[in-house]
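Here is how the chains run, residue by residue.
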Amino acid sequence: MATLGHIAVLGGGSWATALAKLLLRNADTISWYMRRPDRIADFKKGGHNPVYLSDVQFDTDRIRFSSDVNAVCRESDTLVLAVPSPYIKFHLDNITEPLHDKNIASAVKGIVPDENKIVTRYMMERYGCADENMLVIGGPCHAEEVALERLSYLTIGCHDTAKASMFADTLSGRNLKTVISSDVDGIEYGAVLKNVYAIAAGIIHGMKFGDNFQAMLICNALREMRRFIDTVDPLVRDTADSAYLGDLLVTAYSRFSRNHNFGSMIGRGYSVKAAQMEMEMVAEGYYGTKCIHEINKEHGVSMPIAECVYSILYDGITPEKAIEAVTDSFI
C-alpha cells in the first residue's frame with residue numbers, strides 16, 4: 001500500500017478524541033466510529049465530543065461519523081484502534097468485514113481480555129492481518145496535554161519503519177513530535193506494565209510514603225519491566241527510551257494519570273470497587289494487572305511490584321501488608 005489511504009478512528013473516549021484532532025491537522029477527512037448514535041448526534045450539534053475533552057472543537061464537516069463499525073471498516077484503509085482495553089474484544093468481535101489488507105494502528109494501552117494477548121497479536125491471529133501492517137502508538141503522552149496543545153511526544157512502532165514514518169507524518173505538528181521504532185511487542189507490553197506500576201505509585205502516594213520511596217519504586221519497576229519484556233520478546237532494546245521509561249514516568253507521576261489516581265484512592269483506604277465507582281474513566285492498569293499475572297505464569301519472571309499490585313487488587317491483601325512484603329526486594 002503506497003499510502004495510508006482513508007483513516008478511521010474506532011472509539012469515542014479521550015484518547016480517540018485527541019488522536020482524531022491530530023489526524024485532522026493533516027488529513028482532509030476521517031471516519032469515526034462511536035458506539036452510541038446519541039453521542040454522535042450531540043457531537044455534530046455542539047462541534048465537540050460531549051463527554052471527553054469537551055473543550056476541543058472540531059470541524060464536523062470533515063468527519064464521517066457512524067455507529068456501524070463495519071461500515072467504517074469497509075470505507076477505510078487504516079484503522080486507529082482507540083478503545084479501552086476492557087472493551088476492545090467486544091468491539092473487535094463485532095467486525096465482520098475482512099481486515100487482512102488494512103493497516104491497523106493500535107492506541108490501546110492494554111491486553112485483549114480473556115485472550116491475554118497484545119492487540120497486534122490478536123489482530124494477526126483473529127483477522128489474518130499482516131505483520132507489516134500492524135502499528136502501535138506509544139507514549140509518553142497524555143490525551144489531555146495533546147488537547148491543551150502542549151509539546152508532546154509519541155512513539156510509532158511498526159516492523160515496516162517506512163510505514164511507521166508515514167503514519168507519524170499524519171500526526172506530527174508544531175506541538176507533537178514523533179519517534180520511530182520497530183519494537184512493536186515491546187512498546188505494547190510496556191504500555192500495559194506502566195499502567196500497573198502507576199497504580200503502585202498511586203498506592204504509595206495515597207499511603208503518604210514520600211518521594212524517596214517513590215523514586216525507588218520507579219527504578220525497580222523499570223528493571224522489572226525490562227526483565228519481563230526481554231523474556232516474552234527477546235530483542236536488543238533500551239528500556240531507558242521514551243516509549244518505556246518516559247511513558248512509565250508520565251503515567252506514574254502525572255495528575256492526568258487515571259491509573260495513578262485509582263491507586264491513590266486504594267492507598268487512602270478505598271476498596272477496589274469504591275475506587276472504580278469513583279473514577280469517571282477506566283483505569284486500564286486494573287485489568288492489565290490480571291493479564292500480566294496470567295501471562296507470567298508461563299514465563300516465571302521475577303515481578304514483585306506487579307505481584308504486589310495483583311495481591312492488593314485481586315487477593316484482598318491490604319496495601320500496608322503488600323507494600324511491606326515488597327520493600328526488601330528493592331535494590
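Just so you know, these numbers come straight off a predicted model, no measurement behind them.

Novice: Explain the sheet that holds strand 10 (residues 176-181) to me, please; I cannot follow it from the model alone.
Specialist: Whenever strands of a sheet pair, they do so through backbone hydrogen bonds, lying parallel or antiparallel. Pairing in this open sheet of eight strands is mixed, and the strands run 3-2-1-4-5-8-9-10 from one edge to the other. Across the chains shown, the open sheet's two edge strands, defined by having one partner strand only, are strand 3 (63-66) and strand 10. Looking at each pair of strands side by side, their axes are set apart by 20° on average, direction ignored. In this structure, strand 1 (residues 7-10) lies alongside strand 4 (residues 78-81), joined through four bridges in parallel fashion. In the sheet register, Leu10 faces strand 4, and the bridge partner there is Leu81.

Novice: I would appreciate a short explanation of the layout of surface pockets in the present structure.
Specialist: Picture a little ball the size of a water molecule; that probe, rolled over the atoms, points out where space is still empty. By volume, the largest pocket amounts to about 1,100 Å³. Taken together, 46 residues make up the lining of the largest pocket; nearest its centre are Gly13, Tyr52, Pro84, Arg258 and Val282. Sorting the residues of the lining of the largest pocket by element identifies helix 1 (14-23), helix 4 (85-92), helix 6 (143-147), helix 8 (184-206), helix 10 (242-253), helix 11 (258-267) and helix 13 (284-299) as the ones contributing at least two each. Looking at the lining of the largest pocket residue by residue, the classes come out as 23 nonpolar, 13 polar and ten charged.

Novice: It is not clear to me how helix 13 should be interpreted in this structure. Could you clarify?
Specialist: Given 3.6 residues per helical turn, the α-helix brings residues three or four places apart onto the same face. The end-to-end C-alpha separation of helix 13 is 22 Å, in line with the 22 Å expected for 16 residues at 1.5 Å each. Those residues of helix 13 lying buried are Glu284, Gly285, Tyr286, Gly288, Thr289, Cys291, Ile292, His293, Ile295 and Asn296.

Novice: Just checking my understanding: could you explain helix 9 (residues 211-232) for this structure?
Specialist: In this model helix 9 runs 31 Å from its N-terminal to its C-terminal C-alpha over 22 residues, within 8% of the 32 Å that 1.5 Å per residue would give. For helix 9, the full list of buried residues reads Phe213, Gln214, Leu217, Ile218, Asn220, Ala221, Leu222, Glu224, Met225, Phe228, Ile229 and Val232. Close packing links the buried residues of helix 9 with helix 8, helix 10, helix 11, helix 13, helix 14 (304-313) and helix 15 (319-327).

Novice: So what exactly am I meant to see when it comes to the environment of Asn175 here?
Specialist: With respect to the element layout, Asn175 can be found in the loop between helix 7 (161-171) and strand 10. Distance from Asn175 to Glu149, taken between C-alpha atoms, is 6.1 Å for residues 26 residues apart in sequence. Once residues lying within four places of it in the same chain are set aside, the contact partners of Asn175 are Glu149, Arg150, Leu151 and Ser152. In terms of polar contacts, Asn175 uses its side chain to reach the backbone carbonyl oxygen of Glu149, at 3.2 Å.

Novice: How should I be thinking about the state of the cysteines in this particular structure?
Specialist: Working definition: the covalent bond between the sulfur atoms of two cysteines is a disulfide. Overall, the coordinates contain zero disulfides when judged by the stated rule. Free cysteine: Cys73, not disulfide-bonded; nearest cysteine sulfur from Cys129 at 9.9 Å. A residue is classified by how much of its surface remains accessible, and Cys73, at 0% relative accessible area, is buried. No disulfide involves Cys141; its sulfur sits 19 Å from that of Cys158, the nearest cysteine.

Novice: How should I be thinking about unusual backbone geometry in this particular structure?
Specialist: Excluding glycine, most residues fall at negative phi; most peptide bonds, likewise, are trans. Omega for the peptide link from Gly139 to Pro140 comes to 10°, which places this bond in the cis form. Within the fold, Pro140 resides in the loop between strand 8 (134-138) and helix 6. You will see that Lys208, though not glycine, has its phi angle at about 60°, which is positive. Counting through the fold element by element, Lys208 comes out in the loop between helix 8 and helix 9.

Novice: Where do I start with the pattern of salt bridges in this structure?
Specialist: Charged atoms that come close allow side chains of opposite charge to pair. Scanning the entire structure with this criterion turns up 13 salt bridges. The partner of Lys117 in a salt bridge is Glu125, with the nearest N and O atoms 2.5 Å apart. Of the charged contacts, one joins Asp183 and Arg237 as a salt bridge, the two residues approaching to 2.6 Å between their closest N and O atoms. One end of the pair, Asp183, is in the loop between strand 10 and helix 8; the other, Arg237, is in the loop between helix 9 and helix 10, with 54 residues separating them in the sequence. A relative accessible area of 15% means that Arg237 is categorised as buried. Salt bridges here are not isolated pairs; linked through shared partners, they connect Asp183, Asp230, Asp233 and Arg237.

Cut-offs applied
Residues numbered from 1 in each chain as written. Predicted model: local features only at pLDDT ≥ 70, side-chain atom pairs only at ≥ 80, totals over all residues. Heavy atoms only, no water. Pairing = 2+ DSSP bridges. Helix = DSSP H or I, 4+ residues; strand = E, 2+ residues; numbered from the N terminus. Axes fitted to C-alpha atoms, helices over the stretch in contact; angles between N-to-C directions. 1 Å grid on protein atoms, 1.4 Å probe; cavity = no way out; pocket = protein on both sides within 12 Å on 5 of 7 lines; lining within 4 Å. Points joined across faces, edges and corners; volume = space filled by probe spheres on them. Nonpolar A, V, L, I, M, F, W, Y, C, P; charged D, E, K, R; others polar. Expected span 1.5 Å × (residues − 1). Buried < 20%, exposed > 50% of the residue type's maximum accessible area, 1.4 Å probe, protein only. Contact = heavy atoms within 4.5 Å. Polar contact = N/O pair within 3.5 Å; in protein donor to acceptor, adjacent residues only side chain to side chain. Disulfide = S-S within 2.5 Å. Salt bridge = Lys/Arg side-chain N within 4 Å of Asp/Glu carboxyl O.

Everything listed is a geometric property; what it means functionally is a separate question.
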